[in-house]
Structure formats: C-alpha cells, structure tokens
Amino acid sequence: LVVKTVVKELLAQRLKPFIFPAMGSHGGAVAEGQIEVLAGYGITEETVGAPVRATMEVDEVGRLSGSDAGSFEGHPVFCDRIVKVADAILLINRIKPHTDFQGEIESGIGKMCAIGLGKRHGAESIHRHGANGLRELMPRVARFLARSLPILGGIALLENEFGNTAEVHSVHNRDIADIKERQLLAHARSMSPRLPFQEIDVLIIDEIGKNISGACMDTHVLGRSFMPSVAEETWGGPNIRIVAALDLTAESHGNAVALGLSDLTTRELIEKTDFNATYINMRTSGEGGVLRGSLPLVMPTREDCVRTAMATCGRVNLDEVRLVRIRNTMHVHILEVSKALLEDVRSNNSLRLLGEPHTLNLENRLEL
C-alpha cells in the first residue's frame, strides 16, 4: 500500500517512477530472485503501477576519505548500476533494531543506502568488518551516498509491538544516518515486541522467515545474538534454554539464514530450505553467518521437536517446564504458555488469560 501510494503521487507530478529492490544479497543474490521477493510482498508493476527493474551489477561511485572516513580511509562505495543513472531516488524502509549489532543507526534508510544500494558487492564490503563495520562504517557509507547521488530522502515506517505500521515519517536527504534517523530508531525500539517472561525453558516458534526478521528470528526477542564480536550478556532479553523452530514462511523463498539461532527444528522446515540462497545470505552477512548458519538438531515431526525440547531443557518434572509458544518473533502479543507459567501470567497486569487449559495442538500455526 505504501509503495502504491508513493507511485500514485509521483505519477501525479508527471514523473516516471520505477521500483528497484535494495536488498543486498537476498533473493539468492540474483536479480530474478530479488524481483520474486518483492512480488512476495505484493509489489509488482500490476499492483503498484510502476515497472520493477533489478540488477546485481554495481559501480564504484567513490571512496571514503578525510574526517568522513574515520578509520575506514579509502573504503570503496558501490551503487546499483540502474539506480545510479536515475534522476532521483526515494527510499522506503522500516526503521527498527538490527539483529546483528547495537548502535545509533541500525536498520532503516541509512542501511538501505549503504547495503541495499550496494547489492551483494557493497553488502559484503561492509559485513566483512563484522559488527563494528555495521556500527561505524555503514552510516559513513550511507551519508556518502546521500551526498553523492540524487537521493531525495526516505519514507520511514515504524512498527508497533503487533508488527503493524504505527507511524510514517519523512527522512530528508540530510537526515539519512543522522540525528533524525537516530531519534526514530530510539522510538522504534521502544515499540518493539518483547516476551513478557525473563526465564523460559522452552520457546516454540511456529514459523521463522525473512519477512519476519533479517535473521528469520528477532534476536532481541530471543535474547540471543551469536555474534563472535558481541558479548552475549550485553544483548539483553530473556534467558531461553531451548528454542524450537517448526516451520519456514513461504515469503522467505527458502532462505532460512540464521536457523542456527534455534536449537531444534523439523524435517518439514529443512525440506523447505533453499540452501544456496541461505548460504549466499549467510556468507554476505559476515561474522554472524557461520554461527547462526549452523544446523540445529532436526526432528522428524513437530511433536518430536517439542517433546525433545521439553525432555532436554533441564527440568526433571515436566510439569515444571516453563514453555512458551508464539506464532513468530514479530507477533508475540498472543501466546500459549504451560501451567508452570500461570502464576507469572496472573501477576502481570499487562497480560490476561484468554482461555482454559488445553492440549497443545501443533498442526496449525497459532492464531493471531
């Protein structure tokens, strides 16, 4: 809807807009795959009224230098070859906490500039520096591109704890990866979903996917980062003993990057995984790729997966297992919990019981 509305307004100004995917190495790092990812979100020429043009070809548009470069003097900056010759560029993206690092600028318009416009080549050049590269280098590249290309600015979407668009903000060219974007990130973080329990023995996630999080699961919800250069205790979030991921969304197009954030999974999920697309995204993401790209234990069925999680979480008495089930890490406002957590629910004024105790049904995803 946002893209369609923007296209409509641009056409009304007698402009000739086209859509381009700014997504690093997603879609298997091929143009056709990135077009397919956009189509999965309902973004096609037929639905939004503007043609979609995609390429993985990039050109070097300059190098960081002087005070703008900091310790990254001479770092090359890349841009999508089709976009580089456009008369004007307008970026549309969510602003939200990143799953790999913590900084003043994380996921948003700046990241779309630096990593999205740079496609796989540009993304790898930044991710090669690890979490510090994302924290320090990515904003510098974004500001360089904002000055060097005809980037008008961005339309920034902020989501609430239900995963719905809550606010829409304009970000001027001069504000990209700067003060306003920092302020919007802080506001977005305050609205981000969180689990209402600090100690969880087993977390069941019905579905993971690239449409849910860049890491298929929100690391802030899990309280896990699995980044070699990031101390795990600084990440925050709950202490979860066992994470069981049951299925992969169709919108992921087989990309199960960071599946290693879970401890157990199902054969069903593995059979839906496109390992070529997954490994390309994993390698492009740099230091977090190897740890997060490892395979969890693969169980034959969903029931086997959950039973194994309960049996190995360290509780002698199964009645004491603190189990939480969520649809995905974007939607944590509806949960199923085991009896061992009922007192925690009753003592939390922000929670309310919606039903009576029942047998866990894993055949269908949790209704939202």
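Each remark here, short or long, concerns the structure printed above.
Predicted model, so just to flag it, every value in this text is computed and none were measured. Starting from 1, residues in each chain are numbered consecutively following that chain's sequence as written. Residues qualify for local features only when their pLDDT is at least 70, as the model is predicted, and side-chain atom pairs are given and counted only at 80 or more; totals for whole chains, interfaces and linings, by contrast, use all residues. The side-chain values count all of the structure's non-hydrogen atoms but skip hydrogen atoms and water molecules.

**Q** Outline the overall build of the protein chain, listing residues and values.
**A** Each helix and strand in the protein chain was counted, giving 14 helices and 11 strands. Within these notes, the globule rule equals 2.2 Å times the number of residues to the 0.38 power, and the radius of gyration is based on C-alpha atoms. A compact globule built from 368 residues would reach a C-alpha radius of gyration of about 21 Å, and the protein chain, at 21 Å, matches this within 12%. Viewed in the frame of its principal axes, the protein chain has a C-alpha envelope of about 65 × 45 × 40 Å. A burial count over the protein chain gives 52% of its 368 residues as buried. Here the contacts in the protein chain between residues at least 6 apart in sequence split such that 68% fall between residues at least 24 apart. Per element, the accessible surface of the protein chain, about 17,100 Å² overall, is 50% carbon and sulfur. Across the protein chain, the centroid of the 40 positively charged side chains sits 4 Å from that of the 47 negatively charged ones. In DSSP terms, a helix is any run of H or I states spanning at least four residues, a strand is any run of E spanning at least two, and both are numbered starting from the N terminus. For every residue, the accessible area (1.4 Å probe, protein chains only) is compared with the maximum for its type, and the residue is labelled buried under 20%, exposed over 50%, or partly exposed between those bounds. Whether two residues are in contact is decided by their heavy atoms, any of which lying within 4.5 Å being enough. Working definition of accessibility: Shrake-Rupley area with a 1.4 Å probe, residue cover restricted to the visible protein chains. The convention is simple: Lys and Arg are positive, Asp and Glu are negative, and His and the chain ends are not counted. Taken as the charge centre is NZ of Lys, CZ of Arg, CG of Asp or CD of Glu, depending on the residue.

**Q** An account of helix 5 (residues 109-116) is requested, with residue identities and associated values reported.
**A** Among the eight residues of helix 5, seven are classified as buried, and the element is accordingly described as predominantly covered. Burial in helix 5 covers these residues: Ile-109, Gly-110, Met-112, Cys-113, Ala-114, Ile-115 and Gly-116. Taken together, the buried residues of helix 5 touch strand 3 (89-94), helix 6 (119-127), helix 7 (130-148), strand 4 (151-159), strand 5 (165-172) and helix 8 (179-191).

**Q** I'd love a proper account of the sheet that holds strand 6 (residues 199-205), names of residues and values included.
**A** Taken together, six strands build an open sheet; the order of strands is 9-8-7-6-10-11 and the sheet is mixed. Two strands lie at the open edges of the sheet, namely strand 9 (297-299) and strand 11 (336-337), each paired on one side alone. The rule for pairing is simple: two strands pair if DSSP sees at least two bridges between them. Two strands pair when backbone bridges link them, and strand 7 (residues 239-245) and strand 8 (residues 264-266) are joined in this way by two bridges, in the parallel orientation. Its bridge partner being in strand 8, Ala-244 is matched across the sheet by Leu-264. Each axis is a line fitted through C-alpha atoms, and for a helix only the stretch in contact is used; angles between axes span 0 to 180 degrees, taken between their N-to-C directions. Against the sheet, helix 13 (residues 302-311) touches strand 6, strand 7, strand 8, strand 9 and strand 10 (323-326), its axis set at about 165° to strand 8.

**Q** Run through the packing of aromatic side chains, naming residues and quoting values.
**A** Pairing of aromatic rings covers Phe, Tyr and Trp, the last through its six-membered ring, and needs centres within 6.5 Å; plane angles under 30 degrees mean stacked, over 60 mean edge-to-face, and all others mean tilted. Taken as a whole and assessed by the stated rule, the structure comprises one aromatic pair. Ring plane angle 50° and centroid distance 5.7 Å describe the contact between Phe-275 and Tyr-279, whose orientation is recorded as tilted. Highlighted residues: Phe-275 and Tyr-279, both in helix 11 (residues 275-284), separated by four residues, approximately one helical turn. The ring of Phe-18 has Arg-53 sitting right over it, with the charged end atom 4.6 Å from the ring centre. Here, over-ring charges are defined by two tests on the NZ atom of lysine or the CZ atom of arginine: distance to the ring centre within 6 Å, and angle to the ring normal within 35 degrees.

**Q** An account of the side chain of Thr-284 is needed here, citing residue identities and associated values.
**A** Mapping Thr-284 onto the fold places it in helix 11. Whenever two N or O atoms come within 3.5 Å, that pair is a polar contact, provided that in protein one can donate a hydrogen and the other can accept it, and provided that, for residues adjacent in sequence, both atoms are side-chain atoms. Only 3.2 Å separates the side chain of Thr-284 from the side chain of Ser-25, close enough to count as a polar contact.

**Q** Kindly report on the pattern of salt bridges, identifying the contributing residues and their values.
**A** A carboxyl oxygen of Asp or Glu within 4 Å of a side-chain nitrogen of Lys or Arg is what we treat as a salt bridge. Within the structure shown, the criterion is met by 27 salt bridges. Among the charged side chains, a network of salt bridges with common partners joins Glu-207, Asp-247, Glu-268, Lys-272, Arg-302, Arg-327 and Arg-365.

**Q** So what's going on with the nonpolar core? Residues and values would help.
**A** The nonpolar side chains of soluble globular proteins are, as a tendency, buried together. Within the largest apolar cluster, 45 residues are counted, with the highest numbers of intra-cluster contacts made by Leu-91, Leu-117, Ile-151 and Ile-176. For this core, the secondary structure elements donating two or more residues are strand 2 (76-80), strand 3, helix 5, helix 6, helix 7, strand 4 and helix 8. Excluding residues that lie within four positions of it along the chain, Leu-91 makes contacts with Phe-20, Ile-109, Met-112, Cys-113, Leu-117, Ile-151, Gly-153, Gly-154 and Ile-155. Note on terminology: a nonpolar core comprises buried Ala, Val, Leu, Ile, Met, Phe, Trp, Tyr and Cys residues joined through side-chain atoms within 4.5 Å. Of all hydrophobic cores here, the second largest spans 28 residues; its members include Leu-248, Ala-258, Leu-269 and Val-324.

**Q** Residues and numbers for the sheet that holds strand 5, please.
**A** In spatial order, the strands read 3-4-5; together these three strands make up an open sheet with mixed pairing. Since the sheet does not close on itself, it has two edges, and those belong to strand 3 and strand 5, each with one partner. Averaged over all neighbouring strand pairs, the angle between strand axes comes to 15°, with direction disregarded.

**Q** Break down the pairing of strand 2 for me, with residues and values.
**A** Where burial is concerned, most of strand 2 is hidden: four out of the five residues are buried. Across five bridges, the pairing between strand 1 (residues 58-63) and strand 2 is antiparallel. Across the sheet, the residue bridging to Val-58 is Asp-80, located in strand 2.

**Q** Provide a residue-level description of the packing of helix 5 against helix 6, including the pertinent values.
**A** Direction vectors running N to C along helix 5 and helix 6 enclose 105°, while the axes themselves pass 8 Å from each other. Classified by the interaxial angle, the pair formed by helix 5 and helix 6 is roughly perpendicular. Residues Ala-114, Ile-115 and Gly-116 of helix 5 lie in contact with helix 6, whose contacting residues are Lys-119, Ala-123, Ile-126 and His-127. Note on residue categories: nonpolar means Ala, Val, Leu, Ile, Met, Phe, Trp, Tyr, Cys or Pro, charged means Asp, Glu, Lys or Arg, and polar means any other residue, Gly included. Here the residues of the contact of helix 5 with helix 6 are counted per class, giving four nonpolar, two polar and one charged. For this classification, under 35 degrees means roughly parallel, over 145 means roughly antiparallel, 65 to 115 means roughly perpendicular, and everything else is oblique.

**Q** Please give an account of unusual backbone geometry that cites residues and values.
**A** The phi dihedral of Arg-14 falls on the positive side, at around 65°, and the residue is not glycine. Along the chain, Arg-14 turns up in the loop between helix 1 (2-12) and helix 2 (31-40). Here the phi dihedral of His-253 falls at roughly 50°; this positive angle occurs in a residue that is not glycine. Tracing the backbone shows His-253 in the loop between strand 7 and strand 8.

**Q** Account for the packing of helix 6 against helix 7, naming residues and giving values.
**A** Following both chains from N to C, one finds helix 6 and helix 7 inclined at 125°, their axes separated by 8 Å at the closest point. The pairing of helix 6 with helix 7 is recorded here as oblique in orientation. Seen from helix 6, the contacting residues are Ser-125, Ile-126 and His-127; seen from helix 7, they are Gly-130, Gly-133, Leu-134, Leu-137, Met-138 and Val-141.

Taken by themselves, the reported measurements are silent on function.
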